[in-house]
Amino acid sequence: QVQLVESGGGLVQTGGSLRLSCAASGSIFSISVMGWYRQAPGKQRELVADIMRAGGTTYTDSVKGRFTISRDNAKNTVYLQMNSLEPEDTAVYYCYLSSYGRVFWGQGTQVTVSS
């Protein structure tokens, strides 16, 4: 089984920054995509960003220019640098990994942005 451990969530003020980390371990042979989803209270889960093995990235429109996803392939770790945070970014953030058509999820980390 693949295990994903998230860290870096917390409480920040509007305009602040936070960096999330997600480290994968276990039976990993080939990682296609790593990324982040988030789910806010009363809202559906949405894709925030993802990154391919070679480095290509995708962002949802609401975070473009503020968030940056990166990846350390040697450490099987994905990061999400979040700048200029807004209250609307408040959510539980879940990292995920796709390998051989299967998707694995982290436990989630709470991000709260106060105004």
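Structure's up top.
Now for a look at the structure at hand. As the structure is a computational prediction, the values presented were derived from the model and not from experiment.

### Structural notes on the state of the cysteines
Phase 1: According to the stated counting rule, one finds one disulfide in the structure shown.
Phase 2: Each sulfur of the disulfide joining Cys22 and Cys95 lies 1.9 Å from the other. As the torsion about the S-S bond is roughly 45 degrees, the Cys22-Cys95 disulfide counts as right-handed. Here Cys95 lies in strand S9 (residues 91-99) and Cys22 lies in strand S3 (residues 18-26), a separation of 73 residues in the sequence.

### Structural notes on the pattern of salt bridges
Phase 1: A complete count under the given rule lists four salt bridges for this structure.
Phase 2: One salt bridge in this structure joins Arg38 and Glu46, with 2.7 Å as the shortest N-O distance.
Phase 3: Among the residues examined, Arg38 registers a relative accessible area of 6% and is labelled buried.
Phase 4: Classification of Glu46 by relative accessible area gives partly exposed; the value is 29%.
Phase 5: For Arg38, the salt bridge is made with Asp89, and the minimal N-O distance between the two is 3.0 Å. With Arg38 in strand S4 (residues 33-39) and Asp89 in the loop between strand S8 (77-82) and S9, this pair connects stretches of sequence that are 51 residues apart.
Phase 6: Residues participating in the shared-partner salt-bridge network are Arg38, Glu46, Arg66 and Asp89.

### Notes on the environment of Val111
Phase 1: Take Val111: it is sitting in strand S11 (residues 109-114).
Phase 2: Taking relative accessible area as the criterion, Val111 reaches 0% and is therefore assigned buried.
Phase 3: For the pair Val111 and Arg38, spaced 73 residues apart in the sequence, the C-alpha separation amounts to 9.4 Å.

### Considerations on the nonpolar core
Phase 1: With 30 residues, the main nonpolar core has Trp36, Leu80, Met82, Tyr93 and Leu97 as its most contacted residues.
Phase 2: Secondary structure elements with two or more residues in this core: strand S1 (2-7), S3, S4, strand S5 (46-52), strand S7 (67-72), S8, S9 and S11.
Phase 3: Those residues in contact with Tyr93, other than ones at most four positions away along the chain, are Glu6, Leu20, Trp36, Tyr37, Arg38, Val48, Phe67, Leu80, Met82, Gly108, Thr109 and Val111.

### Observations concerning the pairing of strand S10 (residues 102-105)
Phase 1: Bridge count between S9 and S10: four bridges; the pairing is antiparallel. Pairing of Ser99 across the sheet is with Arg102, part of S10.
Phase 2: If you look at the hairpin formed by S9 and S10, you'll find two residues sitting between the two strands, and Tyr100 has a positive phi there, around 50 degrees.

### Quick word on the packing of aromatic side chains
Phase 1: Here the structure, examined in full by the defined rule, presents three aromatic pairs.
Phase 2: Ring centres of Tyr37 and Tyr96 lie 5.3 Å apart, and the angle between their planes is 65 degrees; on these two criteria the pair is classed as edge-to-face. Placement of Tyr37 in strand S4 and of Tyr96 in strand S9 is noted, with a sequence separation of 59 residues between them.
Phase 3: The class of Tyr37 is partly exposed, set by a relative accessible area of 23%.
Phase 4: A residue is classified by how much of its surface remains accessible, and Tyr96, at 8% relative accessible area, is buried.
Phase 5: Measuring from centroid to centroid gives 5.4 Å for Tyr37 and Trp105, while their planes differ by 65 degrees, and the two rings are edge-to-face. With Tyr37 in strand S4 and Trp105 in strand S10, this residue pair connects regions lying 68 residues apart in the sequence.
Phase 6: Under the relative-accessibility criterion, Trp105 is labelled partly exposed at 34%.
Phase 7: Put simply, the rings of Tyr37, Tyr96 and Trp105 touch in pairs and so form one group of aromatic residues.
Phase 8: A cation over an aromatic ring shows up here: Arg45 above the ring of Tyr37, its NZ or CZ 5.7 Å from the ring centre.
Phase 9: Over the aromatic face of Trp105 sits the side chain of Arg45, whose NZ or CZ is 4.3 Å from the ring centroid.

What counts as what
Residues numbered from 1 in each chain as written. Predicted model: local features only at pLDDT ≥ 70, side-chain atom pairs only at ≥ 80, totals over all residues. Heavy atoms only, no water. Disulfide = S-S within 2.5 Å. Helix = DSSP H or I, 4+ residues; strand = E, 2+ residues; numbered from the N terminus. Salt bridge = Lys/Arg side-chain N within 4 Å of Asp/Glu carboxyl O. Buried < 20%, exposed > 50% of the residue type's maximum accessible area, 1.4 Å probe, protein only. Core = buried A, V, L, I, M, F, W, Y, C linked by side-chain atoms within 4.5 Å. Contact = heavy atoms within 4.5 Å. Pairing = 2+ DSSP bridges. Phe/Tyr/Trp six-rings, centres within 6.5 Å; stacked < 30°, edge-to-face > 60°. Lys NZ or Arg CZ within 6 Å of the ring centre and 35° of its normal.

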